Amino acid sequence: MSDATNLTAQIDINTIPALGKEQLLELAMGPQHPSTHGVFRMNVVLDGERVMKLKPVFGYLHRNHEKIAESETYLGSMPYTDRLDYICSITNNWAYAIAVEKLAGIEVPERAEYLRVITGELTRLQNHACLLGFLMQDMGASGTPLMYAFREREKIMDLFEGLTGARMMCNYLRFGGCRVDTPAGWMDAARKVVAEFPRFLDEYENLLVGNEILMDRTQEVGILSKELAINAGISGPMARASGVDYDIRKVDHYSIYDRFNFRIPLGERGDVYDRYMIRFLEMRESIKILEQAMRDIPDGPIVDPKTKIRGFRPKPGEAYGRIESPKGELGFYLVSDGALNPYRYRVRPPSLINLTVLEDLCIGQNVADVVVILGSIDIVLGEVDR
Amino acid sequence: MVGKGIIKGMVETARNFLGSYVSKQRLTTIQYPEERAPQIEAARNFPFLVFDGTDAEQGLRCVACQICEKECPPKCIFIEKSKDKKPDATGKMQFYPATFNIDISVCMSCQICVEVCPFDSIKMDVVYDLSNNDRFAGLLLHKQQLAKSNEYYNTIHPTEAAAVDAHFAEERAKAAARVKAAAEAKLAAEAKAATDAKAKSETTLADTQAQPVGGGTR
Ligand code: SF4
Ligand code: SF4
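Let us look at the structure shown here. These numbers come from a predicted model, not from an experiment.

As for the overall build of chain A
- Within chain A, the secondary structure is distributed over 16 helices and eight strands.
- What you see for chain A is a C-alpha radius of gyration of 21 Å, in line with the 21 Å of a compact globule of 386 residues.
- Considering chain A as a whole, with its 386 residues, one finds that 60% of them fall into the buried category.
- If you sum the accessible surface of chain A, you get close to 14,500 Å²; carbon and sulfur atoms cover 54% of it.
- Each charge sign in chain A was given a centre, from 45 positive and 54 negative side chains, and these centres are 5 Å apart.

A closer look at the overall build of chain B
- For chain B, the helix and strand inventory stands at seven helices and eight strands.
- Considering only contacts within chain B whose residues lie at least 6 apart along the sequence, 67% involve residues at least 24 apart.
- Total accessible area on chain B stands at roughly 13,500 Å², and carbon and sulfur atoms take up 60% of it.

As for the environment of A:K288
- Along the polypeptide, A:K288 turns up in helix α12 (residues 272-296).
- The sequence separation of A:K288 and A:R263 amounts to 25 residues, and the corresponding C-alpha distance is 9.4 Å.

Concerning the site of ligand 2
- In the vicinity of ligand 2 there are 14 residues, among which B:C62, B:C65, B:C68, B:C117 and B:S121 approach most closely.
- Residues that form the shell around ligand 2 fall into these classes: 12 nonpolar, two polar and no charged.

Observations regarding helix α5 (residues 110-139) of chain A
All names here are of chain A.
- Its 30 residues place the ends of α5 44 Å apart at the C-alpha level, agreeing with the 44 Å of an ideal helix rising 1.5 Å per residue.
- Within α5, 27 of the 30 residues are buried, leaving the element largely enclosed by the surrounding structure.
- Among the residues trailing α5, G140 stands out with phi positive, at a value near 105°.

A few points about the interface of chain A and chain B
- Residue-level contacts link 32 residues of chain A with 30 residues of chain B.
- Summing the contributions of chain A and of chain B, the shared interface buries around 2,600 Å²; its carbon and sulfur component is 50%.
- Its largest share of buried area at the contact with chain B, chain A owes to A:N206, A:E212 and A:R310, together 21% of the area lost on that side.
- Counting the contacts that link chain A with chain B gives two salt bridges.

Topic: the side chain of A:H65
- Residue position: A:H65 is located in helix α2 (residues 65-70).
- A relative accessible area of 7% means that A:H65 is categorised as buried.

What to know about the nonpolar core
- By size, the foremost hydrophobic cluster in this structure holds 141 residues, and its most contacted members are A:L122, A:F175, A:Y204, A:Y276, A:L358 and B:F100.
- Per element, the largest residue contribution to this core is 13 residues, and it comes from α5(A).
- Beyond its immediate stretch of four places on either side in the chain, A:Y276 contacts A:L132, A:L135, A:M136, A:Y204, A:L208, A:V209 and A:L214.
- Ranked by size, the runner-up nonpolar core spans nine residues in total, among them B:A43, B:F48, B:V50 and B:F168.

Parameters and conventions
Residues numbered from 1 in each chain as written. Chains lettered and ligands numbered in written order. Predicted model: local features only at pLDDT ≥ 70, side-chain atom pairs only at ≥ 80, totals over all residues. Heavy atoms only, no water. Helix = DSSP H or I, 4+ residues; strand = E, 2+ residues; numbered from the N terminus. Rg over C-alpha atoms; globule rule 2.2 N^0.38 Å. Buried < 20%, exposed > 50% of the residue type's maximum accessible area, 1.4 Å probe, protein only. Areas by Shrake-Rupley, 256 points an atom, 1.4 Å probe, with all protein chains shown as cover. Lys, Arg positive; Asp, Glu negative; His and termini not counted. Charge placed at Lys NZ, Arg CZ, Asp CG, Glu CD. Contact = heavy atoms within 4.5 Å. Near = heavy atom within 4 Å. Nonpolar A, V, L, I, M, F, W, Y, C, P; charged D, E, K, R; others polar. Expected span 1.5 Å × (residues − 1). Buried area = accessible area lost by both parts, 1.4 Å probe. Salt bridge = Lys/Arg side-chain N within 4 Å of Asp/Glu carboxyl O. Core = buried A, V, L, I, M, F, W, Y, C linked by side-chain atoms within 4.5 Å.

In structure tokens, the structure reads:
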């Protein structure tokens with residue numbers, strides 16, 4: 001692939017007015033660059049240090065997820081959803097399960113709902129902790145903060161392994177419930193991890209929140225206005241950092257979230273610093289949800305006994321199921337024609353849609369800020385490219 | 001004061017660094033090849049086939065029903081059914097897989113084969129360290145490599161295996177009961193047939209004195 005021809009094909013450099021007498025420089029950041037969080041390329045046009053134009057190029061990790069799912073059974077797609085956003089496999093399972101349950105009209109037993117909330121919120125903790133670590137890495141604080149974040153993630157992954165058998169590709173939810181019940185002692189181990197998590201948050205806050213370098217690098221950088229956030233369909237922590245009060249857990253009341261007492265943190269300016277802090281605050285709220293869910297979880301069946309594993313054919317129709325995944329609104333749209341496999345299967349990936357405003361955030365910023373802004377959007381290329 | 005935040009952060013790092021000398025909780029890494037983390041019971045990696053008893057060929061639980069082959073999402077299982085039959089775990093005559101291959105370079109450890117298998121014959125293994133320098137043949141596991149004993153299954157997933165064993169014991173008891181019931185029913189039927197015949201022959205005798213004894217038993 002020739003980068004040079006590609007670049008000129010996409011950006012006509014002559015249409016961009018230079019600021020001074022400097023020459024404009026075209027630069028391809030990525031795809032093999034560690035700061036791009038995977039294989040993602042940004043073609044930037046620079047005037048000195050300043051970004052004049054930016055074109056994202058993605059698709060390097062395209063794996064034909066949707067088409068594969070259309071030739072698989074409904075259950076057969078479940079393990080593939082793990083591989084969309086590989087940090088949050090359980091929330092991906094959840095969104096897909098909700099779509100199928102809507103399509104087929106399946107009820108979920110009480111205990112399974114609690115298990116879903118518990119594992120889902122643990123996933124959120126894990127995602128946000130990782131994101132903070134990566135963001136620090138992008139700013140040049142290499143190693144230490146990321147290692148601390150991964151140390152916490154490790155504990156959560158151990159919990160997932162104990163429950164589901166796999167650390168990352170959990171494949172845990174089933175239509176109408178969950179695959180397995182908690183083994184003996186798991187809930188106590190989970191309680192312990194959750195009880196210790198605030199200590200990590202305090203430590204992390206000590207480590208970085210008051211840090212002058214961090215403030216300089218993040219405040220007033222990559223501002224996303226509230227209007228643009230709404231118009232561009234931005235969701236999740238990124239929208240909330242710009243002050244958009246929109247959380248699907250509160251809007252849709254899906255699962256059993258209306259039983260828990262938690263708040264939705266909102267940002268004011270929508271810069272990288274707000275996006276960074278909003279994740280801290282969300283983790284604290286997630287811990288509240290987890291504590292309540294672990295206190296209230298009832299006994300009972302974990303899966304609707306009527307649902308079949310094999311030969312599952314929902315009646316013809318369509319359904320859209322969505323949840324508040326750690327990255328934003330994750331939705332699955334399914335059309336069934338009554339066969340074993342969906343007629344149409346479509347994912348609404350939060351990372352991709354949040355990434356669409358990248359150029360607006362980056363124009364006028366310095367090159368080094370582009371990396372930080374990209375990091376604060378929180379993308380996983382597995383989900384962007386599918 | 002400028003730099004206060006940085007100092008606060010440094011103190012935190014120092015605390016973690018020095019703390020790792022005194023508190024086990026702060027020391028999170030282990031020296032991998034020499035030291036290994038304890039195996040978590042629910043862990044899963046690649047599938048294997050369970051056999052009962054000592055003979056891997058004879059005791060294989062798999063009956064080559066090919067359900068797992070069909071349901072496996074990336075289609076990495078290949079099965080060829082046998083021509084003849086052998087007794088399965090509960091003593092019923094069943095087919096067995098003449099060939100059973102799993103390509104673990106394709107397998108994504110999703111456990112769906114385990115969930116759909118109606119005979120509890122395919123289960124998830126926990127082995128890792130499977131690197132191999134033959135990319136194709138080395139990662140294609142055959143029946144011989146896949147077959148592992150029930151004892152092994154019991155050591156890696158004790159809770160799950162115990163449940164499976166209990167289920168099998170129940171099935172065997174049921175089968176034995178069925179055999180016994182069938183035998184009893186047969187005996188009873190024979191006895192009944194005998195008494196019927198006797199009664200009939202008596203009646204026939206009573207009716208037509210000229211009939212020979214045992215005429216109506218057919
Ligand atoms: S674990 Fe999944 S991918 Fe692997 S053989 Fe079983 S069904 Fe196929
Ligand atoms: S492993 Fe189980 S599902 Fe697969 S062919 Fe054998 S008996 Fe059938």
